[in-house]
Amino acid sequence: MSAKIAALTARINADEPGGENTNGVWTYEGSMPFADFGAAALDADVPQVHRFKLTNGLRLLLLVDHSAPTFSYFTWFRVGSRHEKCGKSGLAHLFEHLMFNETENYAAGEFDRKLEENGAESNAATWLDWTYYYESLPKDRLALAVKLESERMRHLVLREPQVASEKDVVANERRMRVDNDVEGSANETLYKLAFQEHPYQWPTIGWMQDIENFTVDDCTSFYKTFYAPNNATIVVVGDVHERDVLKKIRADYGKIQSSILPEEDTTPEPLQQGVRELVLEKPTASAKVLLGYHGPALGDASHATLSVLNEVLFGGRAARMYRALVIDNEFCTDLRGWVSTFKDPGLYEMYFTARPGVAIDDILTVADGELAKVRESLVTEDELVRAKARLELGLFQSLETMSGKAEQIGFYDTVLGDPTAAFRRLEAYRRATAGELRTAARRYFTLDARTIIRVVPDAKANKTGKESAA
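Keep in mind the model is a prediction, meaning the values are calculated, not measured. (Residues numbered from 1 in each chain as written. Predicted model: local features only at pLDDT ≥ 70, side-chain atom pairs only at ≥ 80, totals over all residues. Heavy atoms only, no water.)

A. Inspection of the pattern of salt bridges at higher detail. Per the counting criterion, the structure on display carries 28 salt bridges. The partner of arginine 141 in a salt bridge is aspartate 140, and the shortest N-O contact between them spans 2.7 Å. A residue is classified by how much of its surface remains accessible, and arginine 141, at 27% relative accessible area, is partly exposed. The class of aspartate 140 is exposed, set by a relative accessible area of 55%. (Salt bridge = Lys/Arg side-chain N within 4 Å of Asp/Glu carboxyl O. Buried < 20%, exposed > 50% of the residue type's maximum accessible area, 1.4 Å probe, protein only.)

B. Structural detail: the pairing of strand E11 (residues 347-354). Most of E11 is tucked away, with eight of its eight residues classed as buried. On E11, burial covers both faces: Leu347, Glu349, Tyr351 and Thr353 on one face and Tyr348, Met350, Phe352 and Ala354 on the other are all buried. Here seven bridges tie strand E10 (residues 332-339) to E11, and the two strands are oriented antiparallel to one another. Looking at the pairing, valine 339 lines up with tyrosine 348 of E11. (Helix = DSSP H or I, 4+ residues; strand = E, 2+ residues; numbered from the N terminus. Pairing = 2+ DSSP bridges.)

C. Just the packing of helix H5 (residues 142-154) against helix H10 (residues 242-253), in detail. Remark: H5 packs on H10, axes separated minimally by 9 Å, with the N-to-C direction vectors making an angle of 30 degrees. As far as their axial angle goes, H10 and H5 are roughly parallel. The hand of the H5/H10 crossing is right-handed. The residues of H10 that touch H5, namely those facing Leu142, Ala143, Val146, Lys147, Glu149, Ser150, Met153 and Arg154, are Asp244, Val245, Lys248, Ile249, Asp252 and Tyr253. When the residues that make up the contact of H5 with H10 are grouped by side-chain class, the tally is seven nonpolar, one polar and six charged. (Axes fitted to C-alpha atoms, helices over the stretch in contact; angles between N-to-C directions. Parallel < 35°, antiparallel > 145°, perpendicular 65-115°, else oblique. Left-handed = near helix turned anticlockwise from the far one by under 90°. Contact = heavy atoms within 4.5 Å. Nonpolar A, V, L, I, M, F, W, Y, C, P; charged D, E, K, R; others polar.)

D. Here's a closer look at the sheet that holds strand E9 (residues 288-294). Taken in spatial order, the five strands make up an open sheet running E8-E12-E9-E11-E10, and their pairing is mixed. Strand pairing shows two members of the sheet lacking a second neighbour, strand E8 (276-282) and E10, which therefore form its edges. Shown here is a sheet whose adjacent strand axes are inclined to one another by a mean of 10 degrees, direction ignored. Packing against the sheet, helix H13 (residues 360-376) makes contact with E9, E10, E11 and strand E12 (450-457), and its axis sits at approximately 35 degrees to E9.

E. Quick look at the side chain of threonine 284. Along the chain, threonine 284 turns up in the loop between E8 and E9. Reaching out from threonine 284, the side chain makes a polar contact with the backbone oxygen of serine 286 at a distance of 3.0 Å. (Polar contact = N/O pair within 3.5 Å; in protein donor to acceptor, adjacent residues only side chain to side chain.)

F. Representation of the nonpolar core in the model. Counting 71 residues, the largest nonpolar core has Leu325, Phe352 and Phe445 as the members making the most contacts within it. Listed in part, the 58 residues of the second largest apolar core include Leu8, Leu60, Leu144 and Met153. (Core = buried A, V, L, I, M, F, W, Y, C linked by side-chain atoms within 4.5 Å.)

G. Structural detail: the packing of aromatic side chains. Under the counting rule described, the total for this entry stands at 34 aromatic pairs. Arranged with centres 4.7 Å apart and planes meeting at 50 degrees, the rings of tryptophan 76 and tyrosine 132 form a pair that is tilted. With tryptophan 76 in strand E4 (residues 70-77) and tyrosine 132 in strand E6 (residues 131-138), the pair connects residues that are 56 residues apart, well separated along the chain. Each member of the pair, tryptophan 76 together with tyrosine 132, is buried. Taking 4.9 Å as the distance between ring centres and 55 degrees as the angle between the ring planes, the aromatic pair formed by tyrosine 200 and phenylalanine 342 counts as tilted. Taken together, the positions of tyrosine 200 in the loop between helix H7 (182-194) and helix H8 (208-213) and phenylalanine 342 in the loop between E10 and E11 put the pair 142 residues apart, joining distant regions of the chain. Overall, phenylalanine 342 belongs to the buried group, its relative accessible area being 2%. The positively charged end of lysine 192 is found above the aromatic ring belonging to tryptophan 207, 5.2 Å away from the centroid. (Phe/Tyr/Trp six-rings, centres within 6.5 Å; stacked < 30°, edge-to-face > 60°. Lys NZ or Arg CZ within 6 Å of the ring centre and 35° of its normal.)

This is a description of form; function is not addressed.
Structure follows, in structure tokens:
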């Protein structure tokens with residue numbers, strides 16, 4: 001297969017030799033099996049992710065899948081809130097909105113209208129390490145996706161009316177999802193308190209003052225720097241042909257100029273010394289508590305192990321925390337844990353909602369007791385098997401659709417540089433032992449270096465609410 005794709009790439013380049021006034025040339029960078037590696041070793045026909053790169057730096061990851069007459073087209077930009085500067089938080093997220101606006105060749109609203117007319121499903125997302133845009137379309141609409149995405153990569157209109165309008169939209173989104181949302185506000189506070197140096201401390205949506213102060217020049221500079229082909233990876237998965245994809249992308253993207261990308265300038269987060277704790281009074285009927293333990297980067301060998309342990313603690317009704325806090329003691333109505341999947345070390349977040357009348361300290365006593373147990377003793381074989389099965393099921397469910405496959409490929413390529421890393425993590429889950437889970441618990445569950453956010457009912461707000469209801 002690799003020889004066949006390499007030959008195809010050479011033929012397409014020969015159609016129009018690369019030069020200063022042409023669309024450049026493709027470089028074929030090899031293929032990787034997109035499957036469980038045990039199965040890949042047994043099946044010569046396992047699907048392959050083909051990797052290509054254009055002269056201007058644009059990368060392409062292509063997985064041909066004829067199981068349904070559709071395809072998904074993702075554009076991943078290697079820019080997120082971590083790449084912003086202090087005082088300019090939220091720019092990456094603002095662009096998620098601006099990119100659906102006016103371009104030089106399409107009026108405002110026309111981009112979405114064309115996609116809707118052609119039966120597309122489309123969306124975008126921004127986070128700490130990345131931003132992506134995607135469309136899922138019928139198989140014969142590939143040219144439309146290429147045309148629209150290449151258009152907004154190089155011809156986005158950034159003038160005062162467009163920027164001001166989207167700033168208002170984002171400001172309202174912040175009010176709804178953070179300022180007026182108990183959980184959103186608490187989570188933002190957790191990261192602000194847990195990180196003192198690393199840019200993970202500021203929220204992806206941005207601080208309100210920064211959002212209100214963005215200028216057209218800020219947006220133009222950000223766009224010219226980060227929305228360039230050498231900072232982007234296109235992921236195409238679906239019922240397509242390699243030749244069509246290579247030719248169409250080369251024709252529409254080949255002349256887009258690369259940019260000068262700034263060198264990474266991130267300050268590593270120093271070791272946390274002591275507990276950091278804050279109390280938030282919010283208009284909520286039930287108290288809540290968030291815990292943040294500094295955890296590993298996604299690429300760290302211990303990340304998969306800690307993810308298995310998280311399933312033992314929080315994965316479903318049979319999990320330890322659920323049994324202890326919801327069933328046995330009836331202290332909580334809701335709880336969950338999550339090991340952040342960031343490029344740099346992030347947080348192991350734990351979230352608990354108390355039943356009315358239950359004190360936060362009572363919840364912490366039980367939760368800390370469960371953490372002590374996994375630091376001191378081995379989890380059972382049944383727990384280990386169940387946790388691994390849940391993680392494996394979750395992975396394969398995420399790969400049931402074209403867009404799911406494309407998202408997994410793009411995410412792991414952007415964060416880890418490996419488009420098939422999902423299956424390497426699966427192997428890591430399977431290898432994890434009870435002893436390794438205990439070691440991970442001892443390494444990361446450091447009670448004297450954690451962050452605690454206590455959310456308590458605002459007595460004044462609750463009293464006002466009761467009086468109004470009366």
